[in-house]
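Residue-level structure breakdown
Listed below are the residues making up each chain.
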Amino acid sequence: MTPQQSELLAGIQALAIAAHEQTGAHAWHSVRAGHGGALFSDVRVIEPRTLEDLHATTVAVGPDGWDMPTGTDSKERTLAQQRDELAQWIASNRKQEDAA
């Protein structure tokens, strides 16, 4: 994994926290180990009452610096794209401020 990828993972973690704070949805980011030193970056956002998936992505990160989609969903993405998609989801789903 490269230093840039470590920074991307930290940024995705911060966005997962922001997703809950700004939208009210339950959100998390996890990084899990795979075979051969690979890691998997999983992002999931669910509606708290119905537990319906609102946003879910997974990206594989190799020990030699590659990152790529896992093929488990219909859209291929890198870590940077995973981060950007979560940021866009948050922007599109922010809670509206109550009018004073």
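These lines cover the structure that appears in this document, whether it is placed above or below. (Residues numbered from 1 in each chain as written. Predicted model: local features only at pLDDT ≥ 70, side-chain atom pairs only at ≥ 80, totals over all residues. Heavy atoms only, no water.)

A few words now on helix H1 (residues 3-23). Because each turn of an α-helix spans 3.6 residues, side chains separated by three or four positions in sequence point in the same direction. Taking 1.5 Å of rise per residue, 21 residues should cover 30 Å, and H1 covers 30 Å from first to last C-alpha, within 8% of that figure. Listing the buried residues of H1 in full gives Gln5, Leu8, Leu9, Ile12, Leu15, Ala16, Ala18, Ala19 and Thr23. Two residues or fewer after H1 comes Gly24, characterised by a positive phi angle close to 85°. (Helix = DSSP H or I, 4+ residues; strand = E, 2+ residues; numbered from the N terminus. Expected span 1.5 Å × (residues − 1). Buried < 20%, exposed > 50% of the residue type's maximum accessible area, 1.4 Å probe, protein only.)

It is worth spelling out the environment of Thr57 at this point. The topology assignment puts Thr57 in strand E3 (residues 53-61). What makes Thr57 buried here is its relative accessible area of 4%. As a C-alpha pair, Thr57 and Arg44 span 13 residues in sequence and 6.7 Å in three-dimensional space. Among the polar contacts listed, one links the side chain of Thr57 to the side chain of Gln82, at a separation of 3.0 Å. (Polar contact = N/O pair within 3.5 Å; in protein donor to acceptor, adjacent residues only side chain to side chain.)

Worth remembering: the numbers are spatial, not functional.
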